Amino acid sequence: MKSIHEIFVIGVFALCVVALSIGPPATVQAEHSPSPSDTMKTDSITDAQKYNFQSDDDKQRNASKDSALPSGGKTIHGELFRVDDADYFVKVKDGTEVRLHTDKSTNMIGKIKKGDQIEATVNDQNHALSIQAVKRK
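All values derive from a computational prediction rather than experimental measurement.

So, the overall build of the protein
Looking only at helices and strands, the protein features five helices and six strands. In sequence order, the secondary structure elements of the protein are arranged as α-α-α-α-α-β-β-β-β-β-β. Considering only residue pairs separated by 6 or more positions, the protein has 45% of its internal contacts joining residues 24 or more positions apart. Carbon and sulfur atoms provide 57% of the accessible area of the protein, an area that totals close to 10,700 Å².

Take a look at the structure:
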């Protein structure tokens with residue numbers, strides 16, 4: 001026969017299992033749910049604004065407002081050896097290969113094709129602000 005202590009422990013355990021399976025009362029749940037005004041704030045800033053995230057397009061628009069060469073910007077000279085979608089791959093003088101990302105904000109000057117010597121103005125993330133073919137020296 002089981003002792004009263006064992007029966008008590010089993011009873012408390014069974015009560016806990018039942019209470020956990022039911023969950024908290026509806027009044028407790030309603031007390032913690034946010035009001036519509038908390039979730040629908042139209043004047044609040046977005047995460048992108050809060051953490052200063054910008055798309056490539058936004059970065060280019062902002063960079064072109066400042067100057068032709070934004071801080072950290074540079075000019076790259078080399079041979080265009082591959083084009084893969086929006087990425088242009090250039091082999092520079094020292095033999096290294098550089099990937100230039102382009103988008104609709106990139107100023108493409110003239111017809112540029114594989115094998116051309118090019119001059120590209122890029123920002124510090126190697127996003128091409130402009131690309132143009134140059135004559136070989």
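Describing the packing of aromatic side chains
Applying the stated criterion across every chain yields a total of one aromatic pair. With 6.3 Å between their ring centres and 55° between their planes, Phe-81 and Phe-89 make a pair best called tilted. Residue Phe-81 is classed as partly exposed on the basis of its relative accessible area, which comes to 22%. The exposure class of Phe-89 is buried, given its relative accessible area of 13%.

Some details on the pattern of salt bridges
Scanning the model with the defined rule gives two salt bridges in all. Here Asp-87 and Arg-99 are joined by a salt bridge, their closest N and O atoms 3.1 Å apart. Of the two residues, Asp-87 is situated in strand S2 (residues 87-92) and Arg-99 in strand S3 (residues 97-101); the sequence distance between them amounts to 12 residues. Here Arg-99 falls in the partly exposed class, since its relative accessible area comes to 41%.

Quick look at the nonpolar core
By size, the foremost hydrophobic cluster in this structure holds 13 residues, and its most contacted members are Ile-76, Val-90, Leu-100, Ile-118 and Ile-131. Elements supplying a minimum of two residues to this core: strand S1 (74-84), S2, S3, strand S5 (117-122) and strand S6 (128-134). Those residues in contact with Ile-118 that sit more than four places away from it in its chain are Ile-76, His-77, Gly-78, Leu-80, Val-90, Leu-100, Ile-112, Ile-131, Gln-132, Ala-133 and Val-134.

Some remarks on the side chain of Thr-102
Looking at the element boundaries, Thr-102 is found in the loop between S3 and strand S4 (107-109). Among the polar contacts listed, one links the side chain of Thr-102 to the backbone oxygen of Ala-86, at a separation of 2.8 Å. Not counting chain neighbours up to four residues away, the residues in contact with Thr-102 comprise Ala-86, Tyr-88, His-127, Ala-128 and Ile-131.

Focus on the sheet that holds S4
An order of S3-S2-S1-S5-S6-S4 is seen for the six strands of this open sheet, with the pairing classed as mixed. Edge positions in the open sheet fall to S3 and S4, since each of these has one partner strand only. Taking the axes of each pair of neighbouring strands and ignoring which way they run, one obtains an average angle of 35° across the sheet. Of the pairings in the sheet, the one linking S1 to S2 comprises six bridges and is antiparallel in character. Looking at the pairing, Glu-79 lines up with Lys-91 of S2.

Comments concerning the side chain of Asp-87
The buried category is assigned to Asp-87, whose relative accessible area is 18%. At 3.2 Å, the side chain of Asp-87 and the side chain of His-101 are in polar contact. In this view, Asp-87 contacts Arg-82, Arg-99, Leu-100 and His-101; residues no more than four positions away in its chain are not counted.

Description of the environment of Arg-82
Within the secondary structure, Arg-82 sits in strand S1. Taking the C-alpha atoms as reference points, Arg-82 and Gly-115, 33 residues apart in sequence, are found 8.3 Å from one another. With residues near it in sequence (within four places) discarded, Arg-82 still touches Asp-87, Tyr-88 and Phe-89.

Thresholds applied
Residues numbered from 1 in each chain as written. Predicted model: local features only at pLDDT ≥ 70, side-chain atom pairs only at ≥ 80, totals over all residues. Heavy atoms only, no water. Helix = DSSP H or I, 4+ residues; strand = E, 2+ residues; numbered from the N terminus. Contact = heavy atoms within 4.5 Å. Areas by Shrake-Rupley, 256 points an atom, 1.4 Å probe, with all protein chains shown as cover. Phe/Tyr/Trp six-rings, centres within 6.5 Å; stacked < 30°, edge-to-face > 60°. Buried < 20%, exposed > 50% of the residue type's maximum accessible area, 1.4 Å probe, protein only. Salt bridge = Lys/Arg side-chain N within 4 Å of Asp/Glu carboxyl O. Core = buried A, V, L, I, M, F, W, Y, C linked by side-chain atoms within 4.5 Å. Polar contact = N/O pair within 3.5 Å; in protein donor to acceptor, adjacent residues only side chain to side chain. Pairing = 2+ DSSP bridges. Axes fitted to C-alpha atoms, helices over the stretch in contact; angles between N-to-C directions.

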